[in-house]
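Structural characterization, general
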Amino acid sequence: MIELTGLRKVYASPDGDVVALDGIDLHVERGTVHGIVGRSGAGKSTLIRCLTGLERPTSGTVRVDGVTISDLAESKLRAARRRTGMVFQHVNLLDSRTIAANVAYPLEVAGVRRHERADRVAELLDLVGLGDRAGAYPAQLSGGQKQRVGIARALATEPGVLLCDEPTSALDGETTRQILGLVRDLRDRLGITVVVITHEPAVVRDVCDHVTLLEHGRVVQTGALAQVVTAVGSPLSRALVPVPDLPPGDRRALVEAVFSTDAVPTSLAFAAVAALGDDVEVASATVEPLGGVRVGRLIVDAPTGRVPEVVERLRAAGLDPLAVPTTTDAGQEVA
Amino acid sequence: MGDLWIELTTNRVIQQKLPEATVETLQMVGLSALVVLVVGLPLGLLLRSLASDGLTPNRTASAVLGFVVNTLRALPFIILAVAVIPVTRAIVGTSLGWEAAVVPLSLGTIPFFARLVETAVRDVAPGKVEAARVMGSTTPKILGAVLVREALPAIVSGFTVTVIALIGYSAMVGAIGAGGLGFLAITYGFQRFDPTVLYTSVVVIVVLVTVVQLVGDAVARRLDHR
């Protein structure tokens, strides 16, 4: 559905060139929800701007739904944009229009007739659960309701792709869950392909099938959610299944282990650690529900001399262990 | 109070000249306001669009247009009004009467209104323009449906201020032969020393300004849904 090949974007600045995207290759399958995570400045926003054609790549190609966006002339690009819906962090509704008129806007732009517009708008507002608020103005809605209108507007022209730029970063926890539930539901019902840019691990855990980590304009890790989180020691497993910070104090040596409850039940994972004896203990641990299974991460504290043995025995128990240098911030979030 | 009423109802200048002068003022302000709206609104949008963060950035055009607008705004109005007399003669055929006054009045307030439009439109959140772009809008659609419509309450407030400035300027051009309430106040009220005519003219001008302000505020409020 979306195919990025060797995507590079370089901005000229007085202090020399700034490389925002440095050779991105990425494939997003039809009907999936693909998360793109990374620190601010990693290139996430530039990437989404390239997907909408608001930004032209310095080199490389952007193909969306079989159309090479990066080659199109401006007039063709306008038509192509109507096949992509976009949801913004700050929603960007027009304050002077009712929410029905906001949802109608992309239909006006696409030249849809007035009476067809009215039918389609009513349908879209029902889809996002705001059928009874058609005549309200954005100022009269809560943050979560505004984002629902933003989603309805993005879906107005029946796009194949929905791009979401930090869609829940301005919302509280409960509203975030509702909006993500809506996105997942729309994907299931409409078969739409969704790209979500976010810095919130919870968004990726709740809604994404695939996830890509960007750093300094490059892809650091990418793959199916279940795979990337169970890759022990990987930045995404640390970011998406964060363990609580380790308590301060003297450490001996740390072993990090990742397991998925479909292979190793939680009780067996802890029993494997318990069997190692009194001088080995769990320093920090978490178990997160992720895509139907639960994924656990343990940080085990052991005497330095026993590390190879601990690794060996945890592996035998079906966990995926990795000795980590004590100086690392194994418990910190990466993304 | 009784004396004032008798004076007002018997003063021949007020009886004979005031209604006519009021109509002249309304005519010159009304027509000028129309010209200012028709020319100033697009000019304000153009100023905004040519800016470096506008829809169609152009550094040279922006600088030239900005210079012309600033120059016209820097001239004291009464100097401008006298200086454009040849232009007025060329356009209207005469430099006297309310029709002739429309030329200096429009020229004097178009740059002012254009700057107010530019400021109002600049305050529209850039995210709204970006969203409109992503939805495939053409530049004219963004100008009309997003920038002008979203800034409309502020544009209406700016137009109200502009019309009030026009009423003030119309009294000034009265002094150089345009007629209207300003002419009445200066010739009959000041030069012939008839305080009743002077203050009555002033009261009518105050009433006009008040009505314009109230109507402008009401319209702006109706349009504002933030």
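The structure presented is a predicted model; accordingly, all values stated were derived computationally and were not measured. (Residues numbered from 1 in each chain as written. Chains lettered and ligands numbered in written order. Predicted model: local features only at pLDDT ≥ 70, side-chain atom pairs only at ≥ 80, totals over all residues. Heavy atoms only, no water.)

This part covers the overall build of chain A. Each helix and strand in chain A was counted, giving eleven helices and 14 strands. Viewed in the frame of its principal axes, chain A has a C-alpha envelope of about 75 × 50 × 35 Å. In chain A, which comprises 335 residues, the proportion classed as buried is 52%. Considering only contacts within chain A whose residues lie at least 6 apart along the sequence, 69% involve residues at least 24 apart. (Helix = DSSP H or I, 4+ residues; strand = E, 2+ residues; numbered from the N terminus. Buried < 20%, exposed > 50% of the residue type's maximum accessible area, 1.4 Å probe, protein only. Contact = heavy atoms within 4.5 Å.)

This paragraph deals with the pattern of salt bridges. The full count for this structure, using the stated rule, is 28 salt bridges over all chains. Close ionic contact of Glu123 of chain A with Arg120 of chain A constitutes a salt bridge, the shortest N to O distance being 2.8 Å. Residue Glu123 of chain A and its partner Arg120 of chain A are both found in helix 4 (residues 114-127); the two are separated by three residues, about one turn of the helix. Given the relative accessible area of 48%, Glu123 of chain A is considered partly exposed. Assessed through its relative accessible area of 16%, Arg120 of chain A is described here as buried. Between Arg187 of chain A and Asp188 of chain A there is a salt bridge whose closest N-O contact spans 2.9 Å. The buried category is assigned to Arg187 of chain A, whose relative accessible area is 12%. Residues joined in a network through salt bridges with shared partners are Lys9, Arg49 and Glu55 of chain A together with Glu130 of chain B. (Salt bridge = Lys/Arg side-chain N within 4 Å of Asp/Glu carboxyl O.)

The partner chain B presents 18 residues to the 21 residues of chain A that form the contact. Together, the buried faces of chain A and chain B total about 1900 Å²; carbon and sulfur atoms form 61% of this surface. Among the residues chain A hides against chain B, the three largest losses belong to Asp95, Ser96 and Tyr105 of chain A. Together they make up 28% of the total. Put simply, chain A and chain B have three salt bridges between them. Between the two partners, chain A and chain B, sit nine residue pairs in polar contact (both at pLDDT 80 or more). (Buried area = accessible area lost by both parts, 1.4 Å probe. Polar contact = N/O pair within 3.5 Å; in protein donor to acceptor, adjacent residues only side chain to side chain.)

Further remarks concern the UniProt feature "domain: ABC transmembrane type-1" (unreviewed entry) in chain B. Sequence positions flagged by UniProt for "domain: ABC transmembrane type-1" (unreviewed entry) are, in local numbering, residues 22-216 of chain B. End-to-end, the C-alpha atoms of residues 22-216 of chain B are 20 Å apart, and along that stretch the chain is 86% helix and 0% strand. (UniProt positions renumbered as here; feature names shortened; annotations may be inferred.)

Okay, the UniProt feature "transmembrane region" (unreviewed entry) in chain B next. Under the feature "transmembrane region" (unreviewed entry), the UniProt entry names residues 28-51, 63-85, 91-114, 159-186 and 198-220 of chain B. As annotated, residues 198-220 of chain B has a helix share of 100% and a strand share of 0%, and its two end C-alpha atoms lie 33 Å apart.

Looking now at the domain arrangement of chain A. Residue and element names in this part refer to chain A. Per the domain assignment, the segments of chain A are domain 1 (2-227) and domain 2 (231-324). If you average the C-alpha positions of domain 1 and of domain 2, the two centres end up 36 Å apart. With ten residues of domain 1 at the interface, the matching set in domain 2 holds nine residues. Taken together, the two surfaces of domain 1 and domain 2 that pack against each other cover about 860 Å², and 69% of this comes from carbon and sulfur. (Domains from an automatic or database assignment.)

The next point concerns the sheet that holds strand 9 (residues 210-215) of chain A. Residues and elements named next belong to chain A. Read across the sheet, six strands follow the order 6-7-8-3-9-10 without closing on themselves; strand pairing throughout is mixed. Strands with a single pairing partner mark the edges of an open sheet, and in this sheet they are strand 6 (84-87) and strand 10 (218-224). On average, each strand axis in the sheet is inclined to that of its neighbour by 15 degrees, with strand direction left out of account. One ladder, built from four bridges, connects strand 3 (residues 33-37) with strand 9; its direction is parallel. Bridge assignment links Val37 to a residue of strand 9, and that residue is Leu213. (Pairing = 2+ DSSP bridges. Axes fitted to C-alpha atoms, helices over the stretch in contact; angles between N-to-C directions.)

Okay, the state of the cysteines next. Note on terminology: disulfide describes a covalent bond linking the sulfur atoms of two cysteines. All names here are of chain A. With the rule as written, the count across this model stands at zero disulfides over all chains. Cys50 takes part in no disulfide bond, and the closest cysteine sulfur to it belongs to Cys164, at a distance of 18 Å. A disulfide-free cysteine, Cys208 has its sulfur positioned 9.4 Å from the sulfur of Cys164, the nearest such atom. According to the relative accessible area criterion, Cys208 is buried, its value standing at 6%. (Disulfide = S-S within 2.5 Å.)

All names here are of chain A. As a packed pair, helix 3 (residues 99-109) and helix 4 sit with axes 9 Å apart at the nearest point and diverge in direction by 120 degrees. Considering their axes alone, helix 3 and helix 4 lie oblique with respect to each other. Read as a crossing pair, helix 3 and helix 4 show a hand that is right-handed. Contacts between helix 3 and helix 4 involve Ile99, Ala100, Val103, Ala104, Leu107 and Glu108 from the first element and Arg117, Arg120, Val121, Leu124 and Leu125 from the second. Its residues assigned to classes, the contact of helix 3 with helix 4 shows eight nonpolar, no polar and three charged. (Parallel < 35°, antiparallel > 145°, perpendicular 65-115°, else oblique. Left-handed = near helix turned anticlockwise from the far one by under 90°. Nonpolar A, V, L, I, M, F, W, Y, C, P; charged D, E, K, R; others polar.)

Given a rise of 1.5 Å per residue, 13 residues ought to cover 18 Å, and the 19 Å separating the end C-alpha atoms of helix 5 (residues 143-155) of chain A matches this to within 8%. Taken together, the buried positions of helix 5 of chain A are Gly144, Gln147, Arg148, Val149, Gly150, Ile151, Ala152, Arg153, Ala154 and Leu155 of chain A. On its buried face, helix 5 of chain A sits against strand 6, helix 3, helix 4, strand 7 (161-165) and helix 6 (173-190) of chain A together with helix 7 (126-134) of chain B. (Expected span 1.5 Å × (residues − 1).)

Let's shift gears to a nonpolar patch on the surface. Residues and elements named next belong to chain B. Judged by side-chain polarity, Leu75, Ile78, Ile79, Val82, Met172 and Ile176 come together as a nonpolar surface patch covering roughly 450 Å² of accessible area. In this fold, Ile176 is placed in helix 8 (residues 139-178). Of the residues examined, Ile176 reaches a relative accessible area of 33% and is grouped as partly exposed. (Patch = residues over 30% accessible without salt bridge, like charges linked within 9 Å, V, L, I, M, F, W, Y side chains within 5 Å. Areas by Shrake-Rupley, 256 points an atom, 1.4 Å probe, with all protein chains shown as cover.)

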